[in-house]
Amino acid sequence: MNYDKKTILEDSIAYWNPGKTRFWQEAGVPLVIGKREMYYLWDMEGHRLIDCHLNGGTYNVGHRNPEVIQAMVDGAQNFDIGNHHFPAIMRAVLCKRMDELTPDPLQYTVLGSSGGEAIDVAIKCARYATKRTKHVSIMKAYHGHTGLAVGTADAKYAAPFLMQKPGEFIHVPFNDLGAMEQALKGGDVASVIMETIPATYGFPLPAEGYLPAVRELCSKYGTLYIADEVQTGLMRTGKMWGIETFGVTPDILVSAKGISGGIYPITATVMSAAAANWMNEDGFAHIATYGGSEIGCCVAMKTLEIVTRPEVQANVASISRYLREGLDRIRLENSDFFTGIRQCGVIMGLEFGVHPEGAKPVMKHLYQHGVWAIFSALDPKVLQFKPGLLCDKALCDDILARMELGIKGARKEVLG
Ligand SMILES: Cc1ncc(COP(=O)(O)O)c(C=O)c1O
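Residues numbered from 1 in each chain as written. Predicted model: local features only at pLDDT ≥ 70, side-chain atom pairs only at ≥ 80, totals over all residues. Heavy atoms only, no water.

Q: How do you make sense of the pattern of salt bridges when you look at a structure like this?
A: Close approach of charged atoms allows side chains with opposite charge to pair. Enumeration over the complete set of coordinates arrives at 24 salt bridges. The residue Glu67 makes a salt bridge to Arg309 at a minimum N-O spacing of 2.8 Å. Of this pair, Glu67 sits in helix α4 (residues 66-78) while Arg309 sits in the loop between α13 (294-307) and α14 (310-333), and the two are 242 residues apart along the sequence. Owing to a relative accessible area of 32%, Glu67 belongs among the partly exposed residues under this scheme. Note on Arg309: relative accessible area 19%, which makes it buried. It is possible to trace a salt-bridge network through shared partners that takes in Glu67, Lys302, Glu305 and Arg309. (Salt bridge = Lys/Arg side-chain N within 4 Å of Asp/Glu carboxyl O. Helix = DSSP H or I, 4+ residues; strand = E, 2+ residues; numbered from the N terminus. Buried < 20%, exposed > 50% of the residue type's maximum accessible area, 1.4 Å probe, protein only.)

Q: Help me understand unusual backbone geometry in this model?
A: Note: most residues except glycine have negative phi, and most peptide bonds are trans. Here the amide bond leading from Asp104 into Pro105 is cis, since omega sits at 10°, within 30 degrees of zero. With a phi angle near 50°, Asn55 is a residue other than glycine that sits in the positive phi range. Mapped onto the secondary structure, Asn55 falls in helix α3 (residues 54-57). Of the residues examined, Asn55 reaches a relative accessible area of 39% and is grouped as partly exposed.

Q: I keep staring at the pairing of strand β3 (residues 48-51) and nothing clicks. Help me out?
A: The side chains of a regular strand alternate, residue by residue, between the two faces of the sheet. Across three bridges, the pairing between strand β2 (residues 40-43) and β3 is antiparallel. The residue bridging Tyr40 from the neighbouring strand is Ile50, located in β3. Counting the residues in the hairpin turn of β2 and β3 gives four residues, including Gly46, whose phi is positive at 115°. (Pairing = 2+ DSSP bridges.)

Q: For this particular structure, what's the right way to read the site of the ligand?
A: The ligand sits among Ser114, Gly115, Gly116, Tyr142, His143, Gly144, Glu195, Asp228, Val230, Gln231 and Lys257. Within the backbone of Gly116, an N or O atom sits 2.7 Å from an oxygen atom of the ligand. Looking at the shell around the ligand residue by residue, the class counts come to two nonpolar, six polar and three charged. (Near = heavy atom within 4 Å. Polar contact = N/O pair within 3.5 Å; in protein donor to acceptor, adjacent residues only side chain to side chain. Nonpolar A, V, L, I, M, F, W, Y, C, P; charged D, E, K, R; others polar.)

Q: Is there a simple way to think about the sheet that holds strand β15 (residues 379-385) in this case?
A: Whenever strands of a sheet pair, they do so through backbone hydrogen bonds, lying parallel or antiparallel. Reading across the sheet, the four strands line up as β11-β12-β15-β14 and stay open at both edges, with antiparallel pairing between neighbours. Of all strands in the sheet, those bounded by a partner on one side alone are β11 (340-344) and β14 (374-376). Strand-to-strand, the axes of this sheet are offset by a mean angle of 30°, without reference to chain direction. Here four bridges tie strand β12 (residues 347-351) to β15, and the two strands are oriented antiparallel to one another. Along β15, the bridge assignment pairs Leu350 with Leu383. Against the sheet, helix α15 (residues 359-368) engages β14 and β15, with an angle of about 40° to β15. (Axes fitted to C-alpha atoms, helices over the stretch in contact; angles between N-to-C directions. Contact = heavy atoms within 4.5 Å.)

Q: What exactly am I supposed to notice about the sheet that holds strand β5 (residues 134-138) here?
A: The strand order across the open sheet formed by seven strands is β4-β10-β9-β8-β7-β5-β6, and the pairing between neighbours is mixed. Two strands bound the open sheet, and with one partner strand each, they are β4 (106-112) and β6 (169-172). Going across the sheet, the axis of each strand differs from the next one's by a mean of 20°, ignoring polarity. Pairing between β4 and strand β10 (residues 267-272): six bridges, direction antiparallel. By the bridge assignment for β10, Leu111 is matched with Ala268. Running over the sheet, helix α5 (residues 89-101) touches β4 and β10 and is turned about 135° from β4. Against the sheet, helix α9 (residues 177-184) touches β5, β6 and β7 (189-195), its axis set at about 155° to β7.

Q: I tried to follow helix α10 (residues 210-221) on my own but got confused; where do I start?
A: Between the first and last C-alpha of α10 there are 17 Å, a value that for twelve residues agrees with the 16 Å anticipated at 1.5 Å per step. Among the residues of α10, Tyr210, Leu211, Ala213, Val214, Arg215, Leu217, Cys218 and Tyr221 are the ones counted as buried. The inward-facing, buried residues of α10 abut β5, α9, β7, β8 (224-228) and α11 (242-246). Two residues or fewer after α10 comes Gly222, characterised by a positive phi angle close to 70°. (Expected span 1.5 Å × (residues − 1).)

Q: Could you clarify how one ought to interpret the pairing of β2 in this entry?
A: Pairing of strand β1 (residues 33-37) with β2, which is carried by three bridges, proceeds in the antiparallel orientation. Looking across to β2, one finds that Ile33 is bridged to Asp43. Hairpin remark: β1 followed by β2, antiparallel, with two residues in the connecting loop; positive phi at Met38, about 45°.

Q: Explain the packing of aromatic side chains here, please?
A: Two descriptors summarise a pair of aromatic rings, namely the distance from one centre to the other and the angle between the planes of the rings. Scanning all chains against the criterion turns up eight aromatic pairs. Considering the side-chain rings of Phe23 and Trp24, the 4.9 Å spacing of their centres and the 85° angle between planes classify their relative orientation as edge-to-face. The exposure class assigned to Phe23 is partly exposed, which follows from its relative accessible area of 34%. Sitting over the ring of Tyr128, Lys131 keeps its end group 3.8 Å from the ring centre. (Phe/Tyr/Trp six-rings, centres within 6.5 Å; stacked < 30°, edge-to-face > 60°. Lys NZ or Arg CZ within 6 Å of the ring centre and 35° of its normal.)

Q: Is there a simple way to explain the nonpolar core in this structure?
A: Inside soluble globular proteins, nonpolar side chains tend to come together where they are buried. Core analysis: the biggest nonpolar cluster contains 94 residues, and Met180, Leu350 and Met403 have the highest contact counts within it. Among the elements that take part in this core, α13 stands out by supplying eight residues, more than any other. Other than its neighbours up to four places away in sequence, Met180 contacts Val136, Val172, Val192, Met194, Tyr210, Val214 and Leu217. One finds Ala122, Ala126, Ile252 and Met271 within the second-largest nonpolar core, a separate group that totals 23 residues. (Core = buried A, V, L, I, M, F, W, Y, C linked by side-chain atoms within 4.5 Å.)

Q: Explain α15 here, please?
A: Given 3.6 residues to a turn, an α-helix orients residues that are three or four positions apart in the same direction. Along α15, seven of the ten residues are buried, which leaves the element largely enclosed by surrounding structure. Taken as a whole, α15 has its buried residues at Ala359, Pro361, Val362, Met363, His365, Leu366 and Tyr367. Remark: Gly370 follows α15 within two positions and exhibits a positive phi of approximately 85°.

Quick look at the structure:
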């Protein structure tokens, strides 16, 4: 295929998404992704980037990971999307594996094809199980753009499409247990939805004991706890799920993005038997044609196999430490600009708190130095920095050297 970048940009403005296309040109990130391989991306005109955002973990195991591609190719020898009305080989295999990989009482899995859909399923299950329609999420939450998910999100996402439902979707400050209890104590809330470390808010860490206390409040008031593990699951925190790191057991857990291996869209909403009871009463009560494509299941099985390898878990522990040491050093040298580091495993929020949008110039300068990492949409002073689970020490060194140059460049631009 022989396309030139200028034509692609013009056609993207004319036929795809003018606002989004123009935004990146103006932000100093004129990227149109061409070649991609493991943790590298190339702009179609050749500029190489080390991907340190990975679409929020979609590419945890790399872009076009050869093992994942092979799983998809092998899967296509025997399977296709499948027929969602019938039991299927790969769906049974994957759902059983999800049961094994999640804490009790999680047991049943509804498979889907986007994170927002998977969150919508979780919310629907909570409604069915509790016969209540209210949901509590944090202020600055983001759980996807679909119907129910967007209701739980910050107004920035819900308001343009008139999706705010103030009586049904209640927002409380993060890390505020008093506000949480206040919202739940009427005994009329179906679910609390919590992203274990809220990504779009810049990865602020839950205070010690906060998530378990929210869990307790949910149990006390008959509310289901939904854990959004779309970005924090799959070994990112150093454990399979972020909830394990923070000591909380949800009624429903949502996995998306990374479970696709970056190759085939698939998601999993895993729930307790109590939350899944609608399936006994009416197994057809929720349906999605693409939900649990059998080829997607083959890809998810391979991705789960990769992320649960002991050597991958050990690697996450060692690169988390190594990158942190390097970042601490860069921070010390630029402490008037690089103001803090939030970290849990290979989930990092780098704070550039001298300006409310301090991470935007950092993103631009990192781009120039060959690193891709994005500002947090709901707190743009924080850069989302999520290097891959399989990065080795040499790649970490390369990333750190480029980070140093990019951060220095941004500091000079902002502070003079
Ligand atoms: C925490 C979280 N939940 C849910 C979603 C929605 O996923 P999707 O974009 O696949 O609908 C996202 C997407 O960025 C996310 O970050």
